[in-house]
Amino acid sequence: MLRWAEVHLERLLSNYRTVKKLCQKQVYAVVKANAYGHGSREVATFLEKNTDVYGFAVATYEEGAQLREAGVKRPILVMSSTLKEGKEFLKEYKLTPVVYDFTELRLAKELNVPFHVKVDTGMGRLGFLEGEWEELLFQLKKLPVAGVMTHFSSADEDEEFTLSQLKKFEGFVSLLKKDFPDLEVHAENSAAALYRFNNLLTHCRVGLALYGVPPEEGYPELSQVMEVKAKVLTVKELPPNYPVSYSKTYRTKGKEKVAVISFGYADGYPRELSNRGEVLINGKRCPVRGRVCMDMTVVSVEEVNAEKGDVATLYGDGITFKSVAEKTGKIPYELMCSISPRVERVYFELQEYNAESAAGAV
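Residues numbered from 1 in each chain as written. Predicted model: local features only at pLDDT ≥ 70, side-chain atom pairs only at ≥ 80, totals over all residues. Heavy atoms only, no water.

1. Some remarks on the pairing of strand 10 (residues 226-238)
Examined bridge by bridge, strand 1 (residues 3-8) and strand 10 share 5 bridges and lie antiparallel to one another. If you follow Glu6 over to strand 10, its bridge partner there is Glu227. Sheet topology places strand 10 next to strand 17 (residues 311-315); 4 bridges connect them, and they run antiparallel. Across the sheet, the residue bridging to Ala230 is Ala312, located in strand 17. Of the strand pairs in this sheet, strand 10 and strand 13 (residues 256-261) are connected by 6 bridges, and their pairing is antiparallel. Across the sheet, Val235 pairs through a bridge with Ala259, a residue of strand 13. (Pairing = 2+ DSSP bridges. Helix = DSSP H or I, 4+ residues; strand = E, 2+ residues; numbered from the N terminus.)

Structure (structure tokens):
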């Protein structure tokens, strides 16, 4: 195995407990986009087996079907697909759709399946706008409404706006509850879990924090769940003034020993880290030299005793998705989701393991 991602499920469990204590509500674990690159089947089945997680939130009906086929039994909320494409999945896999416009509402009525309704309180994305709420409330009467939701756009940076969204949402929920007193009510994402909301919300939807990335300062301590590693393909000493990688963006100043890592932008290592990134080899940080390539990255190993077959850590041991995101102008979500399917996931439930056995032979 030349490149792999270690997914530490015991850290996921610790993060879940932290989030549950923070929210003090039922938790929908967000496992869309292959659980942000961590493996949706493995994450969901582990959480279902080891926690009181209420259910799971996905983006598409296909994602929900995959979880059911993996044996997941708890509720699965499909947040951003259309009922036209999902009607074949709904009853077979017992999925719960989110209805966000009148076309979807009409289809939900025809299919007669329980659903959650989404209102737009300031995100400008999916959801019924405030001017549609009166008509919406009228049409919802006697339908199998199981829940109501909205989405906070800026909970990690704008408390005033978030609270204004909550106030709008509270007004709609109070009207809807006249006909549906036992609704599931949810809006909190990872960042909003820091707020001390009233008893309006019954559930929270958490993704980022589960995977060990704090959405903002002041968040309780979390553990990064994924570590990404690759083998050193070769080590060589380059002569002075020697160009490295495409476009000759780096030249050695004197003789310089470099290692070629079996990991590139096709694997999910951002090209923005060209001449800027660092990897860990044998406990020392090694700077990236030249452009990140599709399948390989060159790093300086002048300060470390590196050999062919050594393990390079691209994320982990202090190199966090958040710190790399800040360096590249990206966000942690994007970096995690970008780890390619050709990077094999290796799952650990125990804290102690043998990294060499995970990596296999060169």
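2. As for unusual backbone geometry
Of note in this structure, Ala35 is not a glycine but carries a positive phi near 55 degrees. A positive phi angle is found at Ser247, which is not glycine, with a value near 65 degrees.

3. Section: the pairing of strand 8 (residues 184-188)
Burial analysis of strand 8 places 5 of its 5 residues in the buried class, the great majority of the element. Every second residue of strand 8 is oriented toward a common face, with Glu184, His186 and Glu188 on one face and Val185 and Ala187 on the other, all of them buried. Across 3 bridges, strand 7 (residues 145-149) lies against strand 8 in parallel orientation. Bridge pairing in strand 8 places Gly147 opposite Glu184. Note on the crossover from strand 7 through helix 8 (residues 159-176) to strand 8: the handedness is right-handed. (Buried < 20%, exposed > 50% of the residue type's maximum accessible area, 1.4 Å probe, protein only. Right-handed = clockwise from strand over helix to strand, strands pointing away.)

4. Considering the confidence of the model for the protein
Taken residue by residue, the protein gives an average pLDDT of 93. The fraction at 70 or more is 96%. This model gives residues 352-362 a pLDDT under 50, and the stretch forms 20 contacts once residues within four places in sequence are excluded. (pLDDT = per-residue confidence, 0-100. Contact = heavy atoms within 4.5 Å.)

5. Side note on the pattern of salt bridges
Counted by the stated rule, this structure contains 16 salt bridges. For Glu227, the salt bridge is made with Arg11, and the minimal N-O distance between the two is 3.2 Å. Here Glu227 is found in strand 10, whereas its partner Arg11 is found in helix 1 (residues 9-23), with 216 residues between them in sequence. A salt bridge links Lys168 to Glu130, with the nearest nitrogen and oxygen atoms 3.8 Å apart. With Lys168 in helix 8 and Glu130 in the loop between strand 6 (115-118) and helix 7 (133-140), this pair connects stretches of sequence that are 38 residues apart. A relative accessible area of 37% places Lys168 in the partly exposed class. (Salt bridge = Lys/Arg side-chain N within 4 Å of Asp/Glu carboxyl O.)

6. Description of the sheet that holds strand 7
Reading around the barrel, the 8 strands line up as 2-3-4-5-6-7-8-9 and close back on themselves, with parallel pairing between neighbours. Averaged over all pairs of adjacent strands, the angle between their axes in this sheet comes to 30 degrees, without regard to strand direction. In terms of strand pairing, strand 3 (residues 55-58) meets strand 4 (residues 76-78) through 3 bridges, oriented parallel. Residue pairing across strands places Val58 opposite Val78, the latter belonging to strand 4. (Axes fitted to C-alpha atoms, helices over the stretch in contact; angles between N-to-C directions.)

7. Some thoughts on the packing of aromatic side chains
The geometry of an aromatic ring pair is captured by two quantities: the separation of the ring centres and the angle between the planes. A full pass over the atoms with the stated rule returns 9 aromatic pairs. Summarising the aromatic geometry, the rings of Tyr61 and Phe89 are spaced 6.5 Å apart at their centres and angled 20 degrees between planes, so their arrangement reads as stacked. Placement of the pair is Tyr61 in helix 4 (residues 61-69) and Phe89 in helix 5 (residues 83-93), with a sequence separation of 28 residues. Judged by its relative accessible area of 1%, Tyr61 falls in the buried class. Aromatic side chains Tyr315 and Phe321 sit 4.2 Å apart centroid to centroid with 20 degrees between the ring planes, which places their arrangement in the stacked category. (Phe/Tyr/Trp six-rings, centres within 6.5 Å; stacked < 30°, edge-to-face > 60°.)

8. Observations concerning helix 1
If you check helix 1, its first and last C-alpha atoms are 21 Å apart, about what 15 residues at 1.5 Å a residue would give, namely 21 Å. Every buried residue of helix 1 is accounted for by Leu9, Glu10, Leu12, Leu13, Asn15, Tyr16, Val19, Leu22 and Cys23. Residues of helix 1 that are buried make contact with strand 1, strand 2 (26-30), helix 3 (40-50), strand 9 (203-206) and strand 18 (344-348). The first or second residue beyond helix 1 is Gln24, which carries a positive phi of 55 degrees. (Expected span 1.5 Å × (residues − 1).)

9. A look at the side chain of Ser340
Within the element layout of this structure, Ser340 appears in the loop between helix 10 (332-337) and strand 18. The class for Ser340 is buried, based on a relative accessible area of 12%. Of note is the side chain of Ser340, whose polar atom sits 3.1 Å from the backbone nitrogen of Arg342. In this view, Ser340 contacts Ala266, Asp267 and Arg345; residues no more than four positions away in its chain are not counted. (Polar contact = N/O pair within 3.5 Å; in protein donor to acceptor, adjacent residues only side chain to side chain.)

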